[in-house]
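Below are the chains, spelled out letter by letter.
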Amino acid sequence: MLSSKAMLDGHGEESPYFQGWKEYEKNAYDDVQNPTGIIQMDLAENQLSLDLLKTWIENNQDATRLTNNGESMFWHLALFQDYQGLPAFKNVLAELMAEIRGNKVSFDPRKLVLMAGAAAASETLMFCIAEHGDAFLLPTPYYPGYDRDLKWRTGVELVPIHCSSSNGFKVTKFALEEAYQQAKKLSLKGVLITNPSNTLGTTMSHVELDDHFYCGKEDPLNK
């Protein structure tokens, strides 16, 4: 007998997003073999740098052979590791993130937690900061998988901030206030922002961010 949580249908498998995936897999486009097939345009992964990654792996065979300077790293990598991520990897990642930002900021690798993808990280974040039934505001359009990743097992509610193509999907004070009033019926916890936007790839202006994060003393988000 499965638990009620395991039986929830919030996994989203029947949503248009995942149904579209299934149809694509059955009839994928190919310019020679299947020119009338389906072209996948909502792929939630970046494949633009795979050629660079492929070249790097071909030139660094030790990475795929689990060796370092010819010495096997199998036992070091195969057994239990630090649950927050390999310290050596976190050190390198902290340096890379600082380098990308022109070394204007620094990152403490001891405060980094590595996870197996954004979906796992997003769900874990919800478990850490929210209770069952808490609500978050989220600008539209947003990645359809959030309805699964953020809500399915956590019991969190997402209240959309409806944005319009008429102004490039920028968040307006009216849209934010409208969503805020709707969320007040629930236990409002905060605002979730992906910046750059997933799905648009756009970034928010300072004005938009101020509108999101500035809350008056009477607002629950300021407590």
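All values reported here derive from a predicted model rather than from experimental measurement.

Another point: a nonpolar patch on the surface. Together, Leu66, Phe74, Trp75, Leu77 and Leu79 make up a nonpolar patch on the protein surface, roughly 520 Å² of accessible area in all. As for its position among the elements, Leu77 is in helix H5 (residues 74–78).

If you walk across this open sheet you meet the three strands as S4-S3-S5, and the pairing is parallel. The open sheet has two edge strands with one neighbour each: strand S4 (157–161) and strand S5 (187–191). For this sheet, the mean inter-axis angle between neighbouring strands, taken without regard to orientation, is 35°. Where strand S3 (residues 134–139) meets S4, five bridges bridge the pair, whose relative direction is parallel. Looking at the pairing, Leu138 lines up with Pro160 of S4.

What follows covers helix H7 (residues 118–129). Here H7 spans 16 Å end to end across 12 residues, near enough to the 16 Å set by a 1.5 Å rise per residue. On its buried side, H7 packs onto S3 and helix H8 (146–149).

Another point: the pairing of S3. S3 sits mainly inside the fold: six of its six residues count as buried. Side chains Asp134, Phe136 and Leu138 project from S3 onto one buried face, and the interleaved Ala135, Leu137 and Pro139 project onto a second face that is buried too. Two elements, S3 and S5, share four bridges in a ladder whose sense is parallel. Bridge pairing in S5 links Phe136 to Gly190.

Cut-offs applied
Residues numbered from 1 in each chain as written. Predicted model: local features only at pLDDT ≥ 70, side-chain atom pairs only at ≥ 80, totals over all residues. Heavy atoms only, no water. Patch = residues over 30% accessible without salt bridge, like charges linked within 9 Å, V, L, I, M, F, W, Y side chains within 5 Å. Areas by Shrake-Rupley, 256 points an atom, 1.4 Å probe, with all protein chains shown as cover. Salt bridge = Lys/Arg side-chain N within 4 Å of Asp/Glu carboxyl O. Helix = DSSP H or I, 4+ residues; strand = E, 2+ residues; numbered from the N terminus. Pairing = 2+ DSSP bridges. Axes fitted to C-alpha atoms, helices over the stretch in contact; angles between N-to-C directions. Expected span 1.5 Å × (residues − 1). Contact = heavy atoms within 4.5 Å. Buried < 20%, exposed > 50% of the residue type's maximum accessible area, 1.4 Å probe, protein only.

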